[in-house]
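Architecture at a glance
Read off the chains here:
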Amino acid sequence: MKVRRLALLVVLVTGLATAPPAPALALQSAHGLTVTAVRQLDPRLFAVTVKTAALPGPVSIYILLAPGYASHPRRRYPVFYLLHGTSGQASDWTKLGNAEKVIGSAPLITVMPDIALNDGGGGWCTDWPGGAQSWETFHIHQLIPWIDANLRTIATRAGRAIAGLSQGGFCSLSYAARHPDLFGVALGYSGAPDIWYDADARLGAMTIINATEVGLDSVAPDTFFGNPLSDGINWAAHDPATLAENLRDTRIYMYWGNGLPGPFDTGAPNPEAMLIEGAVWRDNNDFQARLDSLGIPAYFDDYGDGTHSWPYWSRDLQSSIGQISADFAHPWPAPAQVTYTSGEERYSVYGWAVSMHRSARELSTLADGTAGGFELSGSGSATVLTPPVYRTGSRYQVSVFGPHASGSRVLTAGREGRLTIQVPLGPPNPYAQYTLQAQVAGTSVYSTSAIIRRIRRRANPPRRRA
């Protein structure tokens, strides 16, 4: 009897050991991404290679499925976008950060894309002004909709979080600040969330970014953001500290050390890892002061001794994965009033779309946007397309008032329930914001408010009897 039981146990164990992995994902080309290769590394982990016109070479995407993804075909999962750092690659978090074990049984899909080509330094998650590489286009406008089209995701802000280490930590906070309607949670592990707002952080960021451009990517200085003297507005437009108000309704978690050898630093000291984390310490303290000054809630873990190295980032992930899962389970709602700052000529957020008409690039802000109206700040004029919150075919009175605007118009909501509103602001500034010329001449900011009221039809008066 015991022999039979032992034989049965051997058969069961052998069967488990030789059981085939879960079926490969049927990933389709879409949204500007052409799938060229899919490798299944284990039952949950896939390495995908894609091509895109946004970048001059192929890029990798590692996808870690949630436990039970294959056995629960009707269930949808939130997505955790996890970015590597300078001179890294998509496989780093699984090979160096032990991400599969650390994430464990968390009920989410983890997507780990390249932020650099051919193990280069990285492009700092921007569409380069010269057009050679467009990382934001790849990550935001192609990768996210491609993931949502191919996997069973919760394709809303409440179902997305983004995190990254070092350069990837800048990317995660920059993307969350530029696209707050896409991510409900943002995290930085030894990141650089302030590249412009504070002077000391700006100097450190310029030094590191120029070193990445010249020393690692073999491109000219000021390739990623442009020259800070003539293109300072582009630096500011990607800077999480400058755009901090955009993060008010995002759950934020930041982790960093001070650069001194800590519990995971064994053997001879690593001067480079110490120096970089020392710069990170200053940068994150500036960012914390910025958020504190605005009263924006966030979690900051200035954990003291620790260098710019993988054991600390793996620990950061371990410390935060439970909170990420909890935030997915209990997400913050979208803001009732939308306030958003951008340096782009055209931008959209939470269903609002703004087109600026001005002479030079500068920051503009849509504030307190609701169905009842909004305020827009900047110079020149703008066309504002509202979210689809109005009754199709109904008429609305739109009143605008400001230093160079006054009056009312009657507009009819289109088929999608939106209104198109022309907003005068004031004389356009002749020089781009943050240039030397603008510092001398000044950058004027004008604010115009718009009030939107529905015009209700009067009830027909009762007919008089003859």
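Residues numbered from 1 in each chain as written. Predicted model: local features only at pLDDT ≥ 70, side-chain atom pairs only at ≥ 80, totals over all residues. Heavy atoms only, no water.

Looking only at helices and strands, one finds ten helices and 19 strands in the protein chain. The dimensions of the protein chain, computed from C-alpha atoms along their principal axes, are 105 × 70 × 40 Å. Of all 466 residues assigned to the protein chain, the portion counted as buried reaches 51%. When contacts within the protein chain are restricted to residue pairs at least 6 apart in sequence, long-range pairs at least 24 apart make up 68% of them. With an accessible surface of roughly 21,500 Å², the protein chain has 54% of that area assigned to carbon and sulfur atoms. Placing the 37 positive and 36 negative side-chain charges of the protein chain at their respective mean positions leaves the two points 21 Å apart. (Helix = DSSP H or I, 4+ residues; strand = E, 2+ residues; numbered from the N terminus. Buried < 20%, exposed > 50% of the residue type's maximum accessible area, 1.4 Å probe, protein only. Contact = heavy atoms within 4.5 Å. Areas by Shrake-Rupley, 256 points an atom, 1.4 Å probe, with all protein chains shown as cover. Lys, Arg positive; Asp, Glu negative; His and termini not counted. Charge placed at Lys NZ, Arg CZ, Asp CG, Glu CD.)

Next up on the list: the pattern of salt bridges. When the charged atoms of two side chains lie near each other, side chains of opposite charge can form a pair. Throughout the structure, instances matching the rule amount to nine salt bridges. R251 is the salt-bridge partner of D327, the closest N and O atoms lying 2.8 Å from each other. With D327 in helix α9 (residues 310–329) and R251 in strand β8 (residues 251–256), the pair connects residues that are 76 residues apart, well separated along the chain. The exposure class assigned to D327 is buried, which follows from its relative accessible area of 4%. A relative accessible area of 14% places R251 in the buried class. Between E345 and R358 there is a salt bridge, with its nearest N and O atoms 3.4 Å apart. Within this pair, whereas E345 is found in the loop between β10 (338–342) and β11 (346–349), its partner R358 is found in the loop between β12 (352–357) and β13 (364–370), the two being separated by 13 residues in sequence. Relative accessible area serves as the criterion here: at 29%, E345 is assigned to the partly exposed category. Overall, R358 belongs to the buried group, its relative accessible area being 14%. (Salt bridge = Lys/Arg side-chain N within 4 Å of Asp/Glu carboxyl O.)

Another aspect to go through is the state of the cysteines. Under the counting rule described, the total for this entry stands at one disulfide. Two residues share a disulfide in this structure: C125 and C171, whose sulfurs sit 2.1 Å from each other. Across the disulfide from C125 to C171, rotation about the S-S bond amounts to roughly 90°, and the bridge is consequently right-handed. Taken together, the residues span a long stretch of sequence, with C125 in the loop between β5 (109–113) and α4 (135–150) and C171 in helix α5 (residues 167–178) at a distance of 46 residues. Given a relative accessible area of 1%, C125 falls into the buried group. Given a relative accessible area of 0%, C171 falls into the buried group. (Disulfide = S-S within 2.5 Å.)

Here the focus is the environment of P428. Note that P428 resides in the loop between β18 (420–426) and α10 (436–441). Once the C-alpha coordinates of P428 and A279 are considered, the two residues, 149 residues apart in sequence, prove to be 38 Å apart. Once you skip the residues sitting within four places of it in the chain, P428 turns out to touch R358, S359, S379 and G380.

Let's shift gears to the sheet that holds β13. With antiparallel pairing, the six strands of this open sheet are ordered in space as β10-β13-β14-β19-β16-β17. Both outer strands of the open sheet, β10 and β17 (405–412), are each paired with one neighbouring strand and no more. Between one strand and the next, the sheet's axes are offset by a mean angle of 15°, whatever the strand orientation. Of the pairings in the sheet, the one linking strand β14 (residues 373–378) to strand β19 (residues 446–454) comprises six bridges and is antiparallel in character. Bridge pairing links F374 to A450 in β19. (Pairing = 2+ DSSP bridges. Axes fitted to C-alpha atoms, helices over the stretch in contact; angles between N-to-C directions.)

Most of β8 is tucked away, with six of its six residues classed as buried. The alternating pattern of β8 places R251, Y253 and Y255 and I252, M254 and W256 on opposite faces, both of which are buried. Pairing between strand β7 (residues 185–189) and β8: five bridges, direction parallel. Across the sheet, L187 pairs through a bridge with Y253, a residue of β8. With four bridges joining them, β8 and strand β9 (residues 299–302) adopt parallel strand pairing. Paired with W256 across the two strands is D302, which belongs to β9. For the crossover that starts at β8, traverses helix α8 (residues 271–294) and ends in the parallel β9, the hand is right-handed. (Right-handed = clockwise from strand over helix to strand, strands pointing away.)

A few words on the sheet that holds strand β2 (residues 45–51). Pairing within the open sheet is mixed, and its nine strands lie in the order β1-β2-β3-β5-β4-β6-β7-β8-β9. Since the sheet does not close on itself, it has two edges, and those belong to β1 (34–40) and β9, each with one partner. Taken over all neighbouring pairs, the strand axes of this sheet differ in orientation by 15° on average, direction set aside. Contacts from α4 reach β1, β2, β3 (59–64), β4 (79–83), β5 and β6 (160–165), with the element oriented near 40° to β3. Across the sheet, α8 is in contact with β8 and β9; its angle to β8 comes to roughly 150°.

This part covers the nonpolar core. Core analysis: the biggest nonpolar cluster contains 66 residues, and I61, I63, Y81, F138, W146, I147 and L151 have the highest contact counts within it. Counting residues per element, this core draws most heavily on α4, which supplies seven residues. Sequence-distant contacts of W146, defined by excluding residues within four places in its chain, comprise L27, Q28, S29, A30, H31, L33, V35, V48, I61 and I63. (Core = buried A, V, L, I, M, F, W, Y, C linked by side-chain atoms within 4.5 Å.)

The next thing to look at is the side chain of T223. Mapped onto the fold, T223 is located in the loop between α6 (199–216) and α7 (232–237). Residue classification places T223 among the buried positions, given a relative accessible area of 17%. Engagement of the side chain of T223 in a polar contact is seen with the backbone oxygen of A220, the distance being 2.5 Å. Once residues within four sequence positions are removed from consideration, T223 is found in contact with W128, P129 and E213. (Polar contact = N/O pair within 3.5 Å; in protein donor to acceptor, adjacent residues only side chain to side chain.)

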